[in-house]
Amino acid sequence: MPFDAADQDTDEALLLAYGRGDARAARVLTLRLTPWVLAYARRLLRDAAEAEDVAQEAMLRLWRIAPDWRSGEAKVTTWLYRVVTNLCTDRLRRRRGAALDAVPEPVDDSPGAETRLQQAARVAALDAALAGLPDRQRQAVILRHIEGLSNPEIAAILEIGTEAVESLTARGKRALAQALAGRREELGFDDD
Amino acid sequence: MTDPRMNDHEIEALFAAARAERAEPSAALMARIMDDAMIAAAEAAAPRPVAPRPVAAQTGRRGLLAVLVAAIGGWPALAGVATAGVFGLWIGYAGPGDVGTLTATILGSAYGPNDLVPSLDTYLTEG
């Protein structure tokens with residue numbers, strides 16, 4: 001496989017290289033990190049334009065910290081997840097007071113086969129249910145079950161203990177099950 | 001009939017659907033982020049002294065590379081080139097539609113990022 005040598009470098013090695021003035025490292029980091037930074041921000045904010053702003057701001061903070069990055073202290077991804085989480089929290093606080101139904105619903109008009117439509121409907125239902133959770137529960141559930149991170153990593157991102165992470169994700173999942181009760185059939189979960 | 005709560009298996013199916021649905025960043029966003037990277041590097045590399053040092057002193061302190069970059073207009077001059085590279089790369093991958101994750105696409109492609117944008121050394125020798 002045609003690997004770019006820089007593609008094999010760790011995020012931290014690339015960040016340090018960028019801090020020393022390596023433009024290629026910035027390019028690889030941009031391509032590698034932006035997609036999931038954006039996806040995570042979109043999941044938290046449920047607003048594509050705002051998520052783009054957050055992704056750009058988070059990456060800008062990464063560029064600015066690069067010259068001062070201390071090797072081995074934190075994972076780049078953990079640091080970035082924390083920045084995105086905090087930026088999104090700030091924006092959600094500014095929205096506070098807005099009625100829940102004022103938050104834009106994801107448009108469920110994805111063309112294609114029935115299964116694709118069902119997948120889209122499931123994602124939309126999950127996003128709507130997630131939006132109803134308290135901030136910390138939502139962040140923990142997304143990081144654990146959608147981003148696929150470990151509890152210790154989530155604890156580092158949210159700056160809480162691992163027991164608190166376990167509690168948040170458990171309560172979050174229960175709340176989701178409650179919120180989605182009544183939509184099982186609609187989402188293709190038939191009782192047999 | 002009342003529907004029971006979703007069970008763990010069903011909720012996991014929703015999470016799986018969410019994991020599978022990843023909106024790819026737009027080319028414009030990637031270009032803006034790359035621009036920011038070049039500008040931030042320029043700011044970090046060249047904190048403006050009030051009185052510029054003599055070239056010889058700068059050479060000793062900042063190294064030949066920094067002087068050469070400065071000679072062609074500094075990091076901002078590279079921003080456009082790098083941005084164009086990322087933009088083109090992104091159009092190539094994102095344009096056709098359902099292409100899966102970028103990483104997989106890059107790794108499965110015959111081209112790597114290096115093939116589309118030459119190294120910094122190339123910019124310098126061209127300058």
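Residues numbered from 1 in each chain as written. Chains lettered and ligands numbered in written order. Predicted model: local features only at pLDDT ≥ 70, side-chain atom pairs only at ≥ 80, totals over all residues. Heavy atoms only, no water.

Engineer: Looking at this model, I keep getting lost on the packing of helix α2 (residues 23-45) of chain A against helix α6 (residues 135-146) of chain A. Mind explaining?
Structural biologist: Axes are the key here: two packed helices are described by the angle between their axes and the distance separating the axes. All names here are of chain A. Orientation of α2 relative to α6, taken along the N-to-C sense of each, is 140°, at an axis distance of 10 Å. If you check the angle between α2 and α6, you find them oblique. For α2 against α6, the interelement crossing comes out right-handed. Between α2 and α6, the contacting residues are Y40, R43 and L44 on the first element and R138, Q139, I142, L143 and I146 on the second. For the contact of α2 with α6, the per-class residue count stands at 5 nonpolar, 1 polar and 2 charged. (Axes fitted to C-alpha atoms, helices over the stretch in contact; angles between N-to-C directions. Helix = DSSP H or I, 4+ residues; strand = E, 2+ residues; numbered from the N terminus. Parallel < 35°, antiparallel > 145°, perpendicular 65-115°, else oblique. Left-handed = near helix turned anticlockwise from the far one by under 90°. Contact = heavy atoms within 4.5 Å. Nonpolar A, V, L, I, M, F, W, Y, C, P; charged D, E, K, R; others polar.)

Engineer: Would you take a moment to explain the packing of aromatic side chains for this structure?
Structural biologist: Each aromatic ring pair is specified by the distance between its two centres and by the angle formed by the two planes. Residue and element names in this part refer to chain A. By the definition in use, this model includes 4 aromatic pairs over all chains. With a centroid separation of 4.9 Å and 55° between ring planes, the pair formed by Y18 and W63 is classed as tilted. Placement of Y18 in helix α1 (residues 11-19) and of W63 in helix α3 (residues 48-65) is noted, with a sequence separation of 45 residues between them. For the pair formed by Y18 and W63, the shared burial category is buried. Taken together, a centroid distance of 5.9 Å and an interplanar angle of 80° make the contact between W69 and W79 edge-to-face. Of the two residues, W69 is situated in the loop between α3 and α4 (76-95) and W79 in helix α4; the sequence distance between them amounts to 10 residues. Pair check on accessibility: W69 and W79 agree, each one buried. Put simply, the rings of W36, Y40 and Y81 touch in pairs and so form one group of aromatic residues. (Phe/Tyr/Trp six-rings, centres within 6.5 Å; stacked < 30°, edge-to-face > 60°. Buried < 20%, exposed > 50% of the residue type's maximum accessible area, 1.4 Å probe, protein only.)

Engineer: Would you take a moment to explain the nonpolar core for this structure?
Structural biologist: In this structure, Y18, W63, L80 and L176 of chain A are the most contacted members of the largest nonpolar core, which totals 71 residues. The element that contributes the greatest number of residues to this core is α2 of chain A, accounting for 13 residues. Inspection of this core shows a minimum of three residues originating in each of domain 1 (8-96) and domain 2 (107-192) of chain A. For L176 of chain A, the residues in contact, after removing those within four places along its chain, are L126, A129, L130, L133 and V141 of chain A together with I11 and F15 of chain B. (Core = buried A, V, L, I, M, F, W, Y, C linked by side-chain atoms within 4.5 Å. Domains from an automatic or database assignment.)

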